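Okay, here's what each chain looks like letter by letter:
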Amino acid sequence: MFEKGYSKGGRITREGIRIHAREDFAGMNRAGRVAAQILDDIAEHVFPGQSTGEIDRLITAMVEAHGAKSATIGYRGYQHASCISVNHVVCHGIPGSPIPPSKHEKAGRGDDVLVDGDILNIDVTVIVDGWFGDTSRMYVAGKPKPYAARLIRVTHDALMKGIEAVKPGNTFGDIGHAIQSYVEAQRMSVVRDFCGHGLGRVFHAPPNVLHYGRPGREAMLEEGMFFTIEPMVNLGRAETRVLADDWTAITRDRALSAQFEHSVGVSADGVEIFTPSPSGRFFPALD
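As a starting point, this report considers the structure included with it. (Residues numbered from 1 in each chain as written. Predicted model: local features only at pLDDT ≥ 70, side-chain atom pairs only at ≥ 80, totals over all residues. Heavy atoms only, no water.)

**With respect to the overall build of the chain**
So, step 1. Scanning the chain from N- to C-terminus turns up four helices and 17 strands.
So, step 2. Against the globule reference of 19 Å for 287 residues, the chain gives a C-alpha radius of gyration of 18 Å, in line with a compact fold.
So, step 3. Counting only C-alpha atoms and orienting by the principal axes, one finds that the chain spans roughly 55 × 45 × 35 Å.
So, step 4. The buried share of the chain, taken over its 287 residues, is 56%.
So, step 5. For the chain, long-range pairs separated by at least 24 residues make up 70% of all intrachain contacts whose partners lie at least 6 apart in sequence. (Helix = DSSP H or I, 4+ residues; strand = E, 2+ residues; numbered from the N terminus. Rg over C-alpha atoms; globule rule 2.2 N^0.38 Å. Buried < 20%, exposed > 50% of the residue type's maximum accessible area, 1.4 Å probe, protein only. Contact = heavy atoms within 4.5 Å.)

Printed below as a string of C-alpha cells:
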C-alpha cells in the first residue's frame, strides 16, 4: 500500500528514508522555485533601518501571492512565515523580536531594526501542491565587515562542497566530511547541534543530514532521496544555546554565524538542486 500523495514507484529504506519516484522531482522543483523566488524578491527589502518584522510581513504577503502556504506558520506554535537570524543568531531567529546582544554589546538593541553591517539569514519554507520547498540565504544590511564577508563566502562554499558529494553510492558521511574539512581548514567551526533533514510531502523526515562526519559512514545515497543541506558556520566555537523563547539559537561565545540551505534530490548520476535562485542570486549578500 502506498501513502496518499506519493507515486507508486517509491519505497522506504531500512533506515526509514523515503525513495521517491522520478515523477516526484517535478513537485519538489515547483515548491523549491517558489521558495527561491521569494528569497530573490526579498533582497531589495534588506537594508539598514529595516525591521525583521517588516521583512517577515512582506514574505507572508509573497507566499500568499504565489498561491502557496507557509510551512512554518502554526508549526509547533511558530507564528511567522520566515526565520530571520541576525549576526550571532545561528538559526530560528523570530522576526520582530529584539536582536540579542553580540559579544561586543552589554545589552540587546531592544528592537528588531537592522543597522549597517548586520548579516542575516532568511529561511523560508512553502508548501505547493502538497510539496515542501525549503531554502535559506545570507543577506547584509549595508556593507559587511571583511571578517563577516569572509564567513558568508566560506559558508556558501561549504554548502556547495557538500552538494558536490551527493551522488548514488556515496554516503551522508561523505557530505558531512566535505563540509567539515573545508570549514575547519578556514579556521572556522561547523555547528553540530542542528542539521539538515529529509523532506517531500512532509516538512521533516529521515535522514538527519549532519554537516560533519567521516567518509563512508552513515546511510548510502540512493536515487530518489530528497533532503536539505544547510550548514551553519561560526567564526568562533561551534557550541550554541537556545534562548528562553525556545526557538532562537545563538552562538555560546556570541561570535558571528552564517548559514545557507538548499533542498536537493539524488538523481541517477548526481544531484538535482530544487531551490536555485531563478535570477541567479542565491548568493546576494556580497553582490
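Here the narrative resumes.
**Focus on the packing of aromatic side chains**
Any aromatic ring pair is given by two values, namely how distant the centres are and how the planes are angled relative to each other.
So, step 1. In the structure shown here, the tally under the stated rule is eight aromatic pairs.
So, step 2. Taken together, a centroid distance of 5.0 Å and an interplanar angle of 65 degrees make the contact between Tyr78 and Trp247 edge-to-face. Highlighted residues: Tyr78 in the loop between strand 3 (69-70) and strand 4 (83-86) and Trp247 in the loop between strand 13 (240-242) and strand 14 (249-251), separated in sequence by 169 residues.
So, step 3. Between the aromatic rings of Phe226 and Phe274, the centroid separation amounts to 5.1 Å while the plane-to-plane angle is 85 degrees, which identifies the pairing as edge-to-face. Residue Phe226 is located in strand 11 (residues 226-229), and its partner Phe274 is located in the segment after strand 17 (271-273); the two are separated by 48 residues in the primary sequence. (Phe/Tyr/Trp six-rings, centres within 6.5 Å; stacked < 30°, edge-to-face > 60°.)

**Quick look at the packing of helix 1 (residues 24-42) against helix 2 (residues 52-65)**
So, step 1. Running from N to C, helix 1 and helix 2 cross one another at 140 degrees; their axes reach a closest spacing of 10 Å. With respect to each other, helix 1 and helix 2 are oriented oblique. Seen from above, helix 1 lies across helix 2 with right-handed handedness. In this structure, helix 1 uses Ile38, Asp41 and Ile42 to contact helix 2, whose residues at the interface are Ile55, Leu58, Ile59, Met62 and Val63. (Axes fitted to C-alpha atoms, helices over the stretch in contact; angles between N-to-C directions. Parallel < 35°, antiparallel > 145°, perpendicular 65-115°, else oblique. Left-handed = near helix turned anticlockwise from the far one by under 90°.)

**Some details on the environment of His66**
So, step 1. Tracing the backbone shows His66 in the loop between helix 2 and strand 3.
So, step 2. Residue classification places His66 among the partly exposed residues on the basis of a relative accessible area of 37%.
So, step 3. Considering only alpha carbons, one finds His66 and Gly130, 64 residues apart in sequence, at a separation of 14 Å.
So, step 4. Excluding residues within four positions of it along the chain, His66 makes contact with Val34, Gln37 and Ile38.

**Some words on the sheet that holds strand 12 (residues 232-234)**
So, step 1. Pairing is antiparallel in the open sheet, where three strands are placed in the order 8-12-15. Taken across any chain shown, the strands that pair with only one partner, and hence form the sheet edges, are strand 8 (189-190) and strand 15 (257-259).
So, step 2. On top of the sheet, helix 3 (residues 146-164) reaches strand 12 and strand 15; it is set at about 35 degrees to strand 15, its chief contact. (Pairing = 2+ DSSP bridges.)

**A short note on the sheet that holds strand 13**
So, step 1. Pairing in this open sheet of three strands is antiparallel, and the strands run 5-14-13 from one edge to the other. A single partner strand is all that each edge strand has here, and the edge strands are strand 5 (89-91) and strand 13. Each neighbouring strand pair of the sheet contributes to a mean axis angle of 40 degrees, computed without reference to strand direction.
So, step 2. Note: strand 5 against strand 14, two bridges, orientation antiparallel.

**Focus: the pattern of salt bridges**
So, step 1. Summed over all chains, the structure comprises eight salt bridges.
So, step 2. Between Arg30 and Asp129 there is a salt bridge whose closest N-O contact spans 3.3 Å. One end of the pair, Arg30, is in helix 1; the other, Asp129, is in the loop between strand 6 (119-128) and strand 7 (131-140), and 99 residues separate them in sequence. (Salt bridge = Lys/Arg side-chain N within 4 Å of Asp/Glu carboxyl O.)

**Here we look at helix 2**
So, step 1. Here helix 2 spans 20 Å end to end across 14 residues, near enough to the 20 Å set by a 1.5 Å rise per residue.
So, step 2. Burial in helix 2 covers these residues: Thr52, Ile55, Asp56, Leu58, Ile59, Met62 and Val63. Looking down the long axis of helix 2, one finds its buried residues gathered within 160 degrees of arc, a one-sided arrangement. For helix 2, the exposed residues lying more than 90 degrees away from the buried face are Glu64 and Ala65.
So, step 3. Along its buried surface, helix 2 packs onto helix 1, strand 3, strand 4 and strand 6.
So, step 4. Immediately beyond the C-terminal end of helix 2, within one or two residues, lies Gly67, with a positive phi of roughly 70 degrees. (Expected span 1.5 Å × (residues − 1). Arc of directions from axis to C-beta.)

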